[in-house]
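Analysis of the macromolecular model
Read off the chains here:
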Amino acid sequence: MSQLEIDGLHMSFPGRRGIAPQHVLRGVDLQVGQGEFVSLIGHSGCGKSTLLNVVAGLLRPNSGRVLVGGQPVTAPGPDRAMVFQNYSLLPRLSLLANVREAARSANPQAPRERIDETVERYLSAVGLWEHRNKRPRQVSGGMQQRTAVARAFAVGPRILLLDEPFGALDALTRARLQEQLLELWANESTTETVLMVTHGIDEAILLADRIVVMGNPPQPSIVDIIPVELPRPRDRVTVIDDPAYRQVQQRLLDLLHADQQAVA
Ligand SMILES: Nc1ncnc2c1ncn2[C@@H]1O[C@H](COP(=O)(O)OP(=O)(O)OP(=O)(O)O)[C@@H](O)[C@H]1O
Ligand SMILES: [Mg+2]
């Protein structure tokens, strides 16, 4: 059984003042196995965030369903944690309190010491333990995003939903965060399955087991699903010389370029 199963999702947003309704998700089917890292890639506006929001239970689809561990999703729950496209920390709380609040509300029965341990573990894993008492506005964008990642892991979700978590970061910070994310996913946590939206072709290939390419009309919502058969751990410097890397890269370039022509 897939850990995450998406069946026949349709989602439209109503039109207003002469703007036609938008059929954003046009029959999305996707199965994600336990332990899989899946990336979603596609041009702006093709429905990546909408799909993630439906899986998170924040948006209701017009039709179709999402199953997590065989159970239908009807609302947000602690089995799924989301890192949003824009930083979404609570501004009045310290980094520590931001992570602790999320851990506590997801595990209300857990003893305090266990929550404290969890919070320390994930804030340390993203290198922010020293900065734990600062507020979000006192730290950089990258540090806020690392806090958001720590917060998501501290919830102890089975599925992690990441919406372009590193989009706004410089290349070096992004590389470091990618490493931290992979380490957490592989070693540190109970979180097995990741669904991550990205704009970056290289980021998708470096991180994912499979890449879901999404399209704008008149293309279908899912244009293609490309397996990435590169052994892990992947070294960002040497992996790009692997023929399998170049093949996937070329396929993605072709698909995304074709999509652009469809829009023009
Ligand atoms: N709440 C909403 N009401 C109306 N239209 C919406 C709403 N949310 C999204 N849309 C529209 O649905 C389409 C898909 O939006 P979505 O945010 O899912 O795109 P995206 O692929 O995440 O884009 P980006 O890469 O820019 O983040 C867009 O055209 C957007 O304008
Ligand atoms: Mg988006």
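Residues numbered from 1 in each chain as written. Chains lettered and ligands numbered in written order. Predicted model: local features only at pLDDT ≥ 70, side-chain atom pairs only at ≥ 80, totals over all residues. Heavy atoms only, no water.

Looking at an unreviewed UniProt entry, one finds the chain named ABC transporter ATP-binding protein and attributed to Frankia nepalensis.

1. Thoughts on the overall build of the chain
The condition that has to hold: In this text, helices come from DSSP runs of H or I with a minimum length of four residues, and strands from runs of E with a minimum of two, each type numbered from the N-terminal end. As defined in this context, the radius of gyration uses C-alpha atoms, and a globule is described by 2.2 Å times the residue total to the power 0.38. Buried residues are those whose accessible area, probed at 1.4 Å on protein chains only, stays under 20% of the maximum for their type, while exposed residues exceed 50% and partly exposed ones sit between those limits. Contacts are residue-level and defined by heavy atoms, with any inter-residue pair within 4.5 Å sufficient. Here the Shrake-Rupley method, with its probe set to 1.4 Å, supplies the accessible areas, and only the displayed protein chains count as covering residues. Positive charge is attributed to Lys and Arg, negative charge to Asp and Glu, and no charge count is given to His or to the chain ends. For the purpose of locating charges, the reference atoms are NZ of Lys, CZ of Arg, CG of Asp and CD of Glu.
Per the secondary structure count, the chain includes seven helices and 10 strands. The C-alpha radius of gyration computed for the chain amounts to 19 Å, which stays within 12% of the reference 18 Å derived for 264 residues, consistent with globular compactness. Seen through its principal axes, the chain has C-alpha atoms that stretch 55 × 45 × 40 Å. The buried share of the chain, reckoned over its 264 residues, is 49%. Counted over contacts in the chain with a minimum sequence separation of 6, partners at least 24 positions apart contribute 71%. Of the accessible surface of the chain, which amounts to about 13,000 Å², a share of 50% is contributed by carbon and sulfur atoms. One way to put it: in the chain the 28 positive side-chain charges average out to a point 10 Å from where the 28 negative ones average out.

2. Observations concerning the site of ligand 1
So the rule is basically this: Any residue with a heavy atom lying within 4 Å of a molecule or strand is counted as near it. Under the rule applied, a polar contact is a pair of N or O atoms within 3.5 Å (in protein, one hydrogen donor and one hydrogen acceptor; residues adjacent in sequence only if both atoms are side-chain atoms). Note on residue classes: Ala, Val, Leu, Ile, Met, Phe, Trp, Tyr, Cys and Pro are nonpolar, Asp, Glu, Lys and Arg are charged, and everything else, Gly too, is polar.
Around ligand 1, 13 residues are found, and the nearest of them are Gln22, Ser44, Gly45, Lys48 and Thr50. In the model, an oxygen atom of ligand 1 is placed 2.8 Å from a nitrogen or oxygen of the Ser49 side chain. One of the side-chain N or O atoms of Thr50 is found 2.5 Å from an oxygen atom in ligand 1. About the coverage of ligand 1: the protein hides 63% of its 630 Å² of free accessible area. Of all the secondary-structure elements, those providing two or more residues to the shell around ligand 1 are β2 (22-32) and α1 (48-56). The class makeup of the residues in the shell around ligand 1 is three nonpolar, eight polar and two charged.

3. Regarding the sheet that holds strand β6 (residues 80-83)
Strands in a sheet are paired, the pairing made by backbone hydrogen bonds, and the direction either parallel or antiparallel. As a reminder of what qualifies: At least two bridges found by DSSP between two strands is the condition for calling them paired. Axis geometry follows a simple rule: fit a line to the C-alpha atoms, using only the stretch in contact for helices, then measure angles between N-to-C directions, giving values from 0 to 180 degrees.
A sheet is described by the order of its strands in space; here six strands give the open sequence β6-β7-β8-β3-β9-β10, paired in mixed fashion. With partners counted over all chains shown, the strands left at the sheet margins are β6 and β10 (222-227), one partner each. Going across the sheet, the axis of each strand differs from the next one's by a mean of 15°, ignoring polarity. In the packing of helix α4 (residues 141-154) onto the sheet, contacts are made with β6 and β7 (159-163), and the angle to β6 comes to roughly 175°.

4. Considerations on the coordination of the magnesium ion (ligand 2)
So the rule is basically this: Donor atoms: N, O and S within 2.8 Å of the metal, or within 3.2 Å for Na, K and Ca. Because water is excluded, sites can look incomplete.
Within the protein, the atoms that donate to the magnesium ion (ligand 2) are Ser49 (OG) and Gln85 (OE1), at distances of 2.0 to 2.5 Å. In this pair, Ser49 is assigned in helix α1 and Gln85 in the loop between β6 and α2 (95-106), connecting sequence segments 36 residues apart. Judged by its relative accessible area of 22%, Ser49 is partly exposed. Residue Gln85 is classed as partly exposed on the basis of its relative accessible area, which comes to 41%.

5. Re the UniProt feature "domain: ABC transporter" (unreviewed entry) in the chain
Counted only if it meets this: UniProt positions are given in the numbering used here, feature names are shortened, and annotations may be inferred rather than shown by experiment.
The residues that UniProt annotates with the feature "domain: ABC transporter" (unreviewed entry) are residues 4-241. In residues 4-241, helix accounts for 31% and strand for 25%; the two terminal C-alpha atoms are 33 Å from one another.

6. Considerations on the packing of aromatic side chains
For clarity, the threshold we go by: Any Phe, Tyr or Trp ring, taking Trp's six-membered ring, that has another such ring centre within 6.5 Å forms a pair; planes under 30 degrees apart are called stacked, those over 60 apart edge-to-face, and the others tilted.
Counted by the stated rule, this structure contains two aromatic pairs. The interplanar angle of 90° and the centroid separation of 5.3 Å between the aromatic rings of Phe37 and Trp185 together place this pair among those described as edge-to-face. Residue Phe37 is found in strand β3 (residues 37-41), and its partner Trp185 is found in helix α5 (residues 171-188); the two are separated by 148 residues along the sequence. When its relative accessible area of 0% is taken as the criterion, Phe37 is described as buried. When the ring of Tyr122 is compared with that of Phe153, the centres are 5.9 Å apart and the planes differ by 20°; the resulting orientation is stacked. Residue Tyr122 is located in helix α3 (residues 112-125), and its partner Phe153 is located in helix α4; the two are separated by 31 residues in the primary sequence.

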